[in-house]
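Structural overview for review
One letter stands for each residue in the lines below.
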Amino acid sequence: LSILLILLGPAHTSRSPDCGGILTPSGLRYLAEVSKPHAESVLRKDLMAPPAPDPSPTSPSSRSQITSIKVDKFSLTLIPDTGMRLNIEVDLGITSGPSTTKEMRLSILADLHVEMNPEGNLELVTSDCKPTLEEVQSTEEMDRSAPHKSSGSDVDKQINVEKICLEVSKLLLLPNERLMSLAAPFPITPNCQVQYLPLAAPMYSEQGIIISLQTTFQVAGTAIPLPVSPVPFSMPEPAHSSPSHLILALSEHFYTSLFSALEQSGALNVSLLSSLTTATLAERITQQLGSLFQEDLPVVLQAVSRSSPHVVLEEDKAIVELFLTAQIGTRSSLFQSFLSVNVDVTARLHFSVVDTRMIISVAAIEDIDLSLATSDVGPILAALLKELFLPTIREEVPAQINAVLRQGVFLPHIASFTYTDVNITIHKDYVLIPCNLQLEARNR
């Protein structure tokens, strides 16, 4: 048993959230708003379908038929510590012959919550459902003394309120296929992907529905190990109700993991073409350098990471620290290195959001530390190398990293919805992103 616990221990402790989101009461109201026409369409399809053949001798002209459906009310409200309450009121127009028209009201009150299924996906389930059907208005041209029991029973059979309760979650524009899309892998670069995995069923508070997520990264289809978060991350809950539909939070560890994944995928390896040549270097450094090359060749820096990048978040400020080793040499048919230097870059990051992607860019380099990888070269040469190569590094490193990140990193989201009215604030240890949901037009 002790061996088993040792084996299970690291796997368990590694499952900790590094980002998450809060769907606010405003967000629930928006989901209800965009679900209303969807619910009407689903009910029309289910309730106005041609009835099954009736073996009874009742004539077809006396059978009830639903001729119109209109969703009058559709609301989603939050129940703290429990889930959500769905309230639907549907006006039905029913005829049982050329001379009889009824208006009936179908009311559905259902309690919903989100569970995590055995496959690790979030699933919307119904915990309680109470349907009622009552007549609102009746206009009859036939004899009012005639019995109408058969018409009422026909309506009850055709509506089948119990079946509606079994599938009431389908009336929302959030079927479980969309919830599953939250955990889909999203591309960052051609060989690097990000995936957000829910760690547990959501929690329900007065501020909204809180979802905790753990980020995993894949390089060439294989999940990669990432630095362990020194501090457990918990979703920061606002002190008061937010007007935004959704509040996303991404931890400092999320960004460090992102840059570490890019580093492991090779995306942060850069090749810098300087304005120098072997002849100009020979003039400045040593004449012996010129004798190594028969022709005057451009000087190239090929930089690779020598350790994992690190991101630091402070109030209104995000910094990435890159630790590179640059081989200085020439490239004709093959790269030939003649000097190795360590380059430590501290750069300011800028964040923005387009649709469901966060665009991360290196806004400016704040500091560059260049040191010789070999100790047998004196400080005079070290100072000269800084003078010669810092301008190239300062200009080219941000440009090449921004080229890698220009497509953006997909944020946690579900299919068919994008983010609008985004407001990004950087805090110590996390980035907060309040935004509104927008259903894509083609899915309305």
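Residues numbered from 1 in each chain as written. Predicted model: local features only at pLDDT ≥ 70, side-chain atom pairs only at ≥ 80, totals over all residues. Heavy atoms only, no water.

What the protein chain contains, in helices and strands, is nine helices and 20 strands. The 444 residues of the protein chain split such that 47% are buried. Total accessible area on the protein chain is roughly 22400 Å²; 54% of this is exposed by carbon and sulfur atoms. (Helix = DSSP H or I, 4+ residues; strand = E, 2+ residues; numbered from the N terminus. Buried < 20%, exposed > 50% of the residue type's maximum accessible area, 1.4 Å probe, protein only. Areas by Shrake-Rupley, 256 points an atom, 1.4 Å probe, with all protein chains shown as cover.)

With 83% of its residues at a pLDDT of 70 or more, the protein chain has an overall mean of 83. In this model residues 1-13 is a low-confidence stretch, pLDDT under 50, and it forms zero contacts with partners more than four residues away in sequence or in other chains. Per-residue pLDDT stays below 50 along residues 141-152; that stretch engages in eight contacts with residues further than four places along the chain or on separate chains. (pLDDT = per-residue confidence, 0-100. Contact = heavy atoms within 4.5 Å.)

With that settled, consider empty space enclosed by the protein. Evaluation of the coordinates by the stated rule reveals two cavities of 30 Å³ or more. Here the largest cavity defines a volume of roughly 470 Å³. L23, L179, I211, L246 and I414 are the residues nearest the centre of the largest cavity, which is lined by 27 residues in total. The element that contributes the greatest number of residues to the lining of the largest cavity is strand 1 (residues 19-23), accounting for four residues. The class makeup of the residues in the lining of the largest cavity is 24 nonpolar, three polar and no charged. Residue contributions to the lining of the largest cavity reach at least three from each of two domains, namely domain 1 (25-47 + 65-137 + 157-180) and domain 2 (182-427). (1 Å grid on protein atoms, 1.4 Å probe; cavity = no way out; pocket = protein on both sides within 12 Å on 5 of 7 lines; lining within 4 Å. Points joined across faces, edges and corners; volume = space filled by probe spheres on them. Nonpolar A, V, L, I, M, F, W, Y, C, P; charged D, E, K, R; others polar. Domains from an automatic or database assignment.)

Let us now look at the pairing of strand 11 (residues 246-251). In terms of burial, strand 11 is largely enclosed, as six of its six residues are buried. Alternating residues of strand 11 divide into L246, L248 and L250 and I247, A249 and S251, and every residue in both groups is buried. In this structure, strand 1 lies alongside strand 11, joined through five bridges in antiparallel fashion. Across the sheet, G21 pairs through a bridge with L248, a residue of strand 11. Summarising the sheet, strand 11 and strand 20 (residues 430-439) pair through six bridges and their orientation is antiparallel. Paired with I247 across the bridge in strand 20 is P434. (Pairing = 2+ DSSP bridges.)

Once that is clear, we can look at the packing of aromatic side chains. Applying the stated criterion to the full structure yields four aromatic pairs. For the ring pair F254 and Y255, a centre distance of 5.0 Å and an interplane angle of 85 degrees mean the geometry is edge-to-face. Ring pairs connect the aromatic residues Y196, F254, Y255 and F351, which therefore count as one cluster. (Phe/Tyr/Trp six-rings, centres within 6.5 Å; stacked < 30°, edge-to-face > 60°.)

What follows covers the pattern of salt bridges. A complete count under the given rule lists eight salt bridges for this structure. Across the pair E40 and R44 runs a salt bridge whose closest N-O atoms are separated by 3.2 Å. With E40 and R44 both in helix 2 (residues 25-47) and four residues apart, the pair spans about one turn of that helix. Note on R44: relative accessible area 39%, which makes it partly exposed. The salt bridge partner of K102 is E135, with a shortest N-O separation of 3.8 Å. With K102 in strand 4 (residues 100-116) and E135 in strand 5 (residues 122-140), the pair connects residues that are 33 residues apart, well separated along the chain. According to the relative accessible area criterion, K102 is buried, its value standing at 9%. Through salt bridges that share partners, E89, D91 and R105 make up one connected network. (Salt bridge = Lys/Arg side-chain N within 4 Å of Asp/Glu carboxyl O.)

Among all residues save glycine, negative phi is the norm, and among peptide bonds the norm is trans. Here D316, not a glycine, exhibits a phi torsion of approximately 60 degrees, which is positive. Of note, D316 is situated in the loop between strand 13 (298-314) and strand 14 (317-331). Phi angles above zero are rare outside glycine, and S416 is one such case at about 80 degrees. By relative accessible area, which is 14% here, S416 ends up buried.

Tallying each qualifying case throughout the model produces one disulfide. In this model C129 forms its disulfide with C165; the gap between the sulfur atoms is 2.0 Å. Residues C129 and C165 are joined through a disulfide that is left-handed, its torsion about the S-S bond being -70 degrees. In this pair, C129 is assigned in strand 5 and C165 in helix 4 (residues 161-166), connecting sequence segments 36 residues apart. By the burial criterion, C129 is buried, and C165 matches it. (Disulfide = S-S within 2.5 Å.)

To continue, consider the nonpolar core. Residues Y255, I360, F389, I393 and F417 are the most contacted members of the largest nonpolar core, which totals 114 residues. It is helix 9 (residues 379-405) that contributes the most residues to this core, 10 residues altogether. There are two domains that each give this core at least three residues, and those are domain 1 (25-47 + 65-137 + 157-180) and domain 2 (182-427). Not counting residues up to four positions away in its chain, the partners in contact with I360 are Y255, L258, F259, L349, H350, F351, L405 and V409. Listed in part, the seven residues of the second largest apolar core include I22, M235, I247 and L432. (Core = buried A, V, L, I, M, F, W, Y, C linked by side-chain atoms within 4.5 Å.)

The pairing of strand 2 (residues 65-79) with strand 3 (residues 83-97) spans 13 bridges and is classified as antiparallel. Across the sheet, residue K70 finds its bridge partner in strand 3, namely D91. Bridge count for strand 3 against strand 4 is 13 bridges, and the pairing is antiparallel. Each bridged residue has a counterpart across the sheet, and for M84 the counterpart in strand 4 is L112.

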